[in-house]
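Here's the letter readout for the chains.
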Amino acid sequence: MGRKTIGLAVLLSGTGRTLTNILEVIESGDLTAEVKVVVSDRPDVYGLKVASDAEIPNFVVKPKDYGFTEEFSKAVTYKIEPYAVDLVLMAGFLSLYKIPRKYEHRVMNIHPALIPSFAGKGFYGHHVHEAAIKSGCKVSGCTVHFANNLYDSGPIISQKVTPILFEDTPDSLAERVFELECQAYPEAIQLFADERLQLVKNRVKILDRDKERSTSVD
Ligand code: GRF
């Protein structure tokens, strides 16, 4: 039986490095997905050019144009729902997206640290890696998780780890973590496409490839 191809919406605020990676992995045949639509919360960011170059419909929805997170989130949903979207990906999206019922447990985020450490409002970009080094932690990494309505929070799907070296700068650590992200996000998306992610309370069980979906909740 062939693998299911799922439709993706990608939300971003910056360079679209994660979008670029996802498009490359799709192109290589290792991810059975198609990016249907891209939304940025900022105009003139490189991620929009990445989308345009790939002929993916793309839109800007600015939080400033809406009074509250709810209204902003509705505007984002309004842009993506005309497309056949099975999964919404946050890919360096810096605004809070209040998840509508339609996309409950269908929004993923990737964070460049091992959540719940160095996560939440204000922990983005180099701030994350600076804090991780400063803490004296010996490892960092990345986390893919289902998003909820808080920053960098929700059931964890996967984590990949790298040592923090004594000589590390935020940039050198960021580079290694991003390499891990480039593997972790496509792998998690493929698990979703293959219906191998089962939510059990606040934890995610990864089902064996050929096993029936378990109905137990232990
Ligand atoms: C990635 O490091 C990801 O962990 C985080 O945002 C970064 C990508 O955003 N969520 P950008 O393309 O550098 O703006």
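Structural data are supplied above this passage.
Residues numbered from 1 in each chain as written. Predicted model: local features only at pLDDT ≥ 70, side-chain atom pairs only at ≥ 80, totals over all residues. Heavy atoms only, no water.

K.L.:
Even after reading the chapter, I still don't get helix H5 (residues 170-193), so can you show me in this structure?
P.N.:
Each turn of an α-helix holds 3.6 residues, which means side chains three or four residues apart point in the same direction. Along its 24 residues, H5 runs 34 Å from first to last C-alpha, staying within 8% of the 34 Å computed at 1.5 Å per residue. Glu195 occupies a position one or two residues after H5 and carries a positive phi of about 55 degrees. (Helix = DSSP H or I, 4+ residues; strand = E, 2+ residues; numbered from the N terminus. Expected span 1.5 Å × (residues − 1).)

K.L.:
In this structure, what is going on with the site of the ligand? I would like to understand it.
P.N.:
By nearness alone, every residue bordering the ligand is listed as Gly14, Thr15, Gly16, Arg17, Thr18, Gly92, Ile110, His111, Pro112 and Glu181. At 2.6 Å, a side-chain N or O of Thr15 approaches an oxygen atom of the ligand. Side-chain polar atom of Glu181 to an oxygen atom of the ligand: 2.8 Å apart, as the coordinates give it. Coverage of the ligand by the protein amounts to 81% of the 370 Å² it exposes when considered alone. Within the residue set of the shell around the ligand, elements represented by two or more residues are helix H1 (17-28) and strand S5 (107-111). A breakdown of the residues in the shell around the ligand according to their chemical character gives two nonpolar, six polar and two charged. Residue assignment places the shell around the ligand across two domains, with domain 1 (1-103) and domain 2 (110-143 + 158-218) each supplying three or more. (Near = heavy atom within 4 Å. Polar contact = N/O pair within 3.5 Å; in protein donor to acceptor, adjacent residues only side chain to side chain. Areas by Shrake-Rupley, 256 points an atom, 1.4 Å probe, with all protein chains shown as cover. Nonpolar A, V, L, I, M, F, W, Y, C, P; charged D, E, K, R; others polar. Domains from an automatic or database assignment.)

K.L.:
Before we go on, may I ask you to explain the pattern of salt bridges in this structure?
P.N.:
Pairing is possible between side chains of opposite charge, provided their charged atoms come close. Counted under the stated rule, the structure contains seven salt bridges. Here Lys36 makes a salt bridge to Glu34, at a shortest N to O gap of 3.6 Å. Overall, the relative accessible area of 23% leaves Lys36 in the partly exposed class. One salt bridge in this structure joins Arg176 and Asp168, with 2.6 Å as the shortest N-O distance. Of the residues examined, Asp168 reaches a relative accessible area of 9% and is grouped as buried. (Salt bridge = Lys/Arg side-chain N within 4 Å of Asp/Glu carboxyl O. Buried < 20%, exposed > 50% of the residue type's maximum accessible area, 1.4 Å probe, protein only.)

K.L.:
Honestly, the pairing of strand S2 (residues 33-40) in this entry has me stumped. Any pointers?
P.N.:
In the case of a regular strand, side chains alternate between the two sheet surfaces. For S2, the tally of buried residues reaches six of eight residues, placing the bulk of the element in the interior. As paired strands, strand S1 (residues 6-12) and S2 are joined by seven bridges and run parallel to one another. What sits directly across from Gly7, in S2, is Glu34. Traced from S1 through H1 to S2, the parallel crossover comes out right-handed. Where S2 and strand S3 (residues 58-60) come together, three bridges link them in parallel fashion. Bridge pairing links Val39 to Phe59 in S3. Viewed along the sheet, the connection from S2 through helix H2 (residues 46-53) into S3 turns out right-handed. (Pairing = 2+ DSSP bridges. Right-handed = clockwise from strand over helix to strand, strands pointing away.)

K.L.:
Can you walk me through the sheet that holds S1 in this structure?
P.N.:
Two orientations exist for strands paired in a sheet by backbone hydrogen bonds: parallel and antiparallel. With mixed pairing, the seven strands of this open sheet are ordered in space as S3-S2-S1-S4-S5-S6-S7. A single partner strand is all that each edge strand has here, and the edge strands are S3 and strand S7 (156-163). Neighbouring strand axes in the sheet, compared pairwise and without regard to direction, differ in orientation by 20 degrees on average. Pairing analysis gives three bridges linking strand S4 (residues 87-90) to S5, with the strands arranged parallel. (Axes fitted to C-alpha atoms, helices over the stretch in contact; angles between N-to-C directions.)

K.L.:
Explanation requested: the packing of H1 against H5 in the structure shown.
P.N.:
In a packed pair of helices, the relevant descriptors are the angle between the two axes and the axis-to-axis distance. For the pair H1 and H5, interaxial distance at closest approach is 10 Å and the crossing angle is 55 degrees. When the axes of H1 and H5 are compared, the pair comes out oblique. As for how H1 packs across H5, the hand of that crossing is right-handed. Of H5, the residues touching H1 (which contributes Arg17, Thr18, Asn21, Ile22 and Val25) are Phe178, Glu181, Cys182, Tyr185, Pro186 and Ile189. Classifying every residue of the contact of H1 with H5 by side-chain character gives seven nonpolar, two polar and two charged. (Parallel < 35°, antiparallel > 145°, perpendicular 65-115°, else oblique. Left-handed = near helix turned anticlockwise from the far one by under 90°. Contact = heavy atoms within 4.5 Å.)

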